Amino acid sequence: MSAGVGVDLENLWIRFGDFVAVRDANVHIKGGDFFSFLGPSGCGKTTILRAVSGFLEPSEGNVLIGGNNMKGIGPNKRPTALIFQNLALFPLMKVWENITFSMEIKGASFAERRKRADELLDMIALPGQGDKLPSELSGGQKQRVAIARALCAEPDVLLLDEPLSALDLKLRQHMRTELREIQKRVGITFIYITHDQGEALTMSDNIAVMRDGVIDQIGDGKSIYNDPATPFAASFVGENNVFRGKVKKVIGNEALISTNRSGDLMARISSANHGKMNVGDDAMMFIRPEAFAIAPTGTQGDHFVTAQVTNEEFEGNAFNIFMEGDGGKELKVSLPNLGQSFESHKGEPLTLDYDVRNAVAVPAGELATE
Amino acid sequence: MSRSLKEFYNRNGVTMGSILLGLVLFWTVGLIILPQLSMLDFSFRPNLPPPEIGGPKDVYTLENYKHLVFGAEGAGQTYNSVDLSVFFRTIVAAIFVTIFNLILCYPIAYYLGQSKGNHIRVFALMLIIPYWINEILRAFALRIIFGQSGVLNTVLVSTGVFDQPFDFIRNDIALYAGLGYAYILLMIFPIYNVIESLDRNQIEAARDMGASWTRIHRRIVIPYAKPGISSGCTMVFMLSAGALAAPQILGGPSSLWFTQIIYQWFNQGGNWPQGAAYAVVLLVACIALVLAIMRLFKVNMGDIGK
């Protein structure tokens with residue numbers, strides 16, 4: 001299989017009447033990358049996928065696959081294969097016929113198709129199941145057949161539209177690993193659409209976070225999680241605590257934020273916003289639940305937060321403390337369960353300490369609602 | 001069987017269950033099976049004046065069936081070539097009408113089934129409303145269109161396509177158009193029903209893999225729509241072979257439909273046993289043909305009901 005064909009979106013706009021589904025998207029996807037578009041439903045990620053696969057002509061801008069402009073080239077002529085959300089296996093064809101449908105189109109002989117089907121069935125760990133009908137397979141098996149069918153066409157780019165969303169949790173987690181392994185084995189570019197940040201983080205080389213047709217941030221999982229560019233990226237990917245306030249002082253790449261309720265707190269300015277945050281600007285500061293530690297009650301300083309504990313819960317791997325928050329939502333603190341004893345603080349004020357490197361400041365903006 | 005009956009009673013209660021069961025039995029046995037059996041009985045009896053019915057001459061005979069094959073005794077011919085040729089022509093013409101209808105209706109049903117939006121409802125309504133009009137009136141309306149000085153001829157002659165009016169009726173074009181039009185809905189709706197439930201993604205998936213439109217239809221849409229297609233074809237074939245109004249009104253003077261001969265035996269001839277025999281032959285032939293074709297295309301009886 002030809003590896004390493006990249007995909008570029010250049011100034012891509014997609015409109016449906018007055019509605020703008022995708023607004024000026026510029027993305028460079030490296031060849032052989034596992035690239036995810038992550039965002040809530042309706043953010044335009046599926047629209048982008050349809051533009052790459054050719055089912056949709058962009059209103060403006062270009063889709064390049066392997067450097068070639070795809071304008072006016074239909075889905076059947078593009079070196080892409082699409083895996084649909086509902087898989088869209090052909091119910092009346094046997095599994096092996098499903099898998100080799102793309103070869104049938106090219107006029108391959110029965111023997112060739114049978115042979116290739118057996119190879120692919122071995123690859124997806126379903127040997128000898130070729131003569132079944134799709135309805136006789138389980139959800140995870142159907143999933144793998146859909147992948148094999150798409151790979152049979154030997155595409156340069158595989159497009160996946162939330163293919164795991166119909167599976168139950170256990171299977172979904174198992175399929176993540178499997179998808180990632182298949183991608184490494186075949187070495188082609190995968191473009192993956194999902195609203196599940198766990199899927200995006202575990203599988204992807206790079207992620208584009210999308211909101212309302214706009215790409216907020218592109219980066220690998222670590223940088224998206226640790227160094228969010230926008231309040232949306234910070235609040236959509238993983239759990240996060242938000243503090244609202246204004247920039248009081250900027251020292252290098254750190255800012256002192258005077259928060260609405262928790263006093264002045266120090267935070268690191270996220271790298272996308274270096275030099276862009278000025279004194280007096282509305283700002284948001286994010287600290288992950290796991291980034292806090294308990295400090296002696298009443299300790300003052302620019303990395304201590306004191307608030308009333310409203311609720312506590314034991315989650316098994318962690319002890320969660322909920323406190324009166326700063327951003328309208330309650331503040332969540334997760335203390336990992338390392339066998340220590342947890343002292344209840346319910347109804348009492350509690351002081352938390354954090355490392356400034358784990359607090360991220362970004363210009364104020366829209367938060368994720370989910 | 002008894003378990004499903006018990007389940008049926010559990011679900012509907014004894015009173016309601018009995019009423020439903022009684023109505024279904026009355027419908028199938030009282031209104032369909034018994035009258036047909038009585039026709040079958042008629043067909044094996046000689047045509048006797050009322051006083052002799054039940055008398056010594058009233059015995060079962062194959063006379064009526066022989067008449068269809070060999071003609072009246074002493075008529076001096078080996079076969080009843082007139083009636084037989086009408087019989088075969090009716091069957092062949094009904095097959096032709098069915099195929100023509102299928103070719104016409106499949107694209108319409110596909111379009112209706114795969115498009116979304118309100119215009120589909122308007123489209124379906126436009127197909128249905130003409131069927132509020134009586135079948136005979138519709139046939140006469142077609143006669144007006146296809147007649148010697150009808151709308152179609154006026155247009156064709158005035159635009160210079162033809163020098164003189166074309167006789168659509170004598171050439172059976174009006175008849176085939178009438179028969180085709182009469183059962184169009186019975187072809188469209190079963191196919192539409194099936195295609196509507198076909199997942200659009202399957203078509204897109206095939207397109208994504210590079211399949212041409214003909215292959216998409218051949219490998220995905222038509223196999224999926226097979227139950228609807230066979231249901232539609234069966235109904236259209238059965239009804240066209242058994243049609244009476246359209247051939248009576250739109251048929252040319254020389255083209256008799258087999259049902260017209262049956263009608264003549266019952267009405268003008270007053271020979272019910274003879275008419276019954278002809279009707280039984282038509283019914284059995286049509287059923288046999290349908291079953292044979294279903295077998296050929298591997299369609300199950302259960303699929304037709306879908």
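Draft legend 1. Quick peek at the overall build of chain B. For chain B, the count of helices and strands is 15 helices and zero strands. Dimensions of chain B along its principal axes, counting C-alpha atoms only, are 75 × 70 × 35 Å. A total of 306 residues make up chain B; the buried ones form 39% of that total. For chain B, long-range pairs separated by at least 24 residues make up 62% of all intrachain contacts whose partners lie at least 6 apart in sequence. Carbon together with sulfur atoms contributes 68% to the accessible area of chain B, which is approximately 17,700 Å² in total. Averaging the positions of the 21 positive and the 16 negative side-chain charges in chain B gives two centres separated by 11 Å.

Draft legend 2. View of the sheet that holds strand β16 (residues 304-314) of chain A. Residue and element names in this part refer to chain A. A sheet is described by the order of its strands in space; here five strands give the open sequence β15-β19-β16-β17-β18, paired in antiparallel fashion. Here the strands that pair on one side only, and so sit at the sheet edges, are β15 (292-295) and β18 (331-336). Across the sheet, the mean angle from the axis of one strand to that of its neighbour is 50°, orientation sign disregarded. Pairing of strand β17 (residues 318-323) with β18, which is carried by six bridges, proceeds in the antiparallel orientation.

Draft legend 3. Just the interface of chain A and chain B, in detail. Facing 22 residues of chain A, the contacting portion of chain B comprises 16 residues. Summing both sides of the interface, chain A and chain B together bury roughly 1,800 Å²; the carbon and sulfur share of this comes to 58%. Summed over the shared surface of chain A and chain B, the result is eight residue pairs in polar contact (both at pLDDT 80 or more). For the side of chain A that touches chain B, the element with the highest residue contribution is helix α3 (residues 101-105) of chain A, accounting for four residues.

Draft legend 4. Seen up close, the packing of aromatic side chains. Residues and elements named next belong to chain A. Under the counting rule described, the total for this entry stands at 23 aromatic pairs over all chains. Centroid distance Trp96 to Phe110: 5.2 Å. Interplanar angle 80°. Geometry classified as edge-to-face. Remark: Phe110 occurs in helix α4 (residues 110-123) and Trp96 occurs in helix α2 (residues 95-99); sequence separation between them is 14 residues. Residue classification places Phe110 among the exposed residues on the basis of a relative accessible area of 51%.

Draft legend 5. Molecular detail of the pairing of strand β1 (residues 7-16) of chain A. All names here are of chain A. With five bridges connecting them, β1 and strand β4 (residues 60-65) associate as antiparallel partners. By the bridge assignment for β4, Asp8 is matched with Leu64. Where β1 meets strand β2 (residues 19-29), seven bridges bridge the pair, whose relative direction is antiparallel. Within the sheet, the bridge partner assigned to Ile14 lies in β2 and is Val22. Connecting β1 to the antiparallel partner β2 that follows it, the hairpin turn spans two residues, and Gly17 within it adopts a positive phi of roughly 65°.

Draft legend 6. Here's a closer look at the sheet that holds strand β8 (residues 189-194) of chain A. Residue and element names in this part refer to chain A. On the basis of which strands lie adjacent, the open sheet formed by six strands has the order β6-β7-β8-β3-β9-β10 and mixed pairing. Taken across any chain shown, the strands that pair with only one partner, and hence form the sheet edges, are β6 (80-83) and β10 (214-219). Between one strand and the next, the sheet's axes are offset by a mean angle of 15°, whatever the strand orientation. Here four bridges tie β6 to strand β7 (residues 157-161), and the two strands are oriented parallel to one another. Residue pairing across strands places Leu82 opposite Leu159, the latter belonging to β7.

Draft legend 7. Molecular detail of the environment of Ala267 of chain A. Residues and elements named next belong to chain A. Of note, Ala267 is situated in strand β13 (residues 264-269). When its relative accessible area of 0% is taken as the criterion, Ala267 is described as buried. Once the C-alpha coordinates of Ala267 and Asn241 are considered, the two residues, 26 residues apart in sequence, prove to be 13 Å apart. Ignoring anything within four residues of it in the chain, the contact list for Ala267 reads Asn253, Glu254, Ala255, Met285, Val356, Ala359, Val360 and Ala361.

Draft legend 8. Representation of the confidence of the model for chain B. Taken residue by residue, chain B gives an average pLDDT of 87. The fraction at 70 or more is 98%. With pTM at 0.78, the complex prediction returns an ipTM value of 0.77.

Draft legend 9. Main features of the side chain of Asn64 of chain B. All names here are of chain B. Here Asn64 is to be found in helix α3 (residues 63-70). For Asn64, the side chain forms a polar contact with the main-chain oxygen of Ser43, separated by 2.7 Å. In terms of polar contacts, Asn64 uses its side chain to reach the backbone carbonyl oxygen of Arg45, at 2.9 Å. When sequence neighbours within four positions are dropped, the list of residues in contact with Asn64 reads Phe42, Ser43, Phe44, Arg45, Pro273, Gln274, Ala277 and Tyr278.

So, how was this worked out
- Residues numbered from 1 in each chain as written.
- Chains lettered and ligands numbered in written order.
- Predicted model: local features only at pLDDT ≥ 70, side-chain atom pairs only at ≥ 80, totals over all residues.
- Heavy atoms only, no water.
- Helix = DSSP H or I, 4+ residues; strand = E, 2+ residues; numbered from the N terminus.
- Buried < 20%, exposed > 50% of the residue type's maximum accessible area, 1.4 Å probe, protein only.
- Contact = heavy atoms within 4.5 Å.
- Areas by Shrake-Rupley, 256 points an atom, 1.4 Å probe, with all protein chains shown as cover.
- Lys, Arg positive; Asp, Glu negative; His and termini not counted.
- Charge placed at Lys NZ, Arg CZ, Asp CG, Glu CD.
- Pairing = 2+ DSSP bridges.
- Axes fitted to C-alpha atoms, helices over the stretch in contact; angles between N-to-C directions.
- Buried area = accessible area lost by both parts, 1.4 Å probe.
- Polar contact = N/O pair within 3.5 Å; in protein donor to acceptor, adjacent residues only side chain to side chain.
- Phe/Tyr/Trp six-rings, centres within 6.5 Å; stacked < 30°, edge-to-face > 60°.
- pLDDT = per-residue confidence, 0-100.

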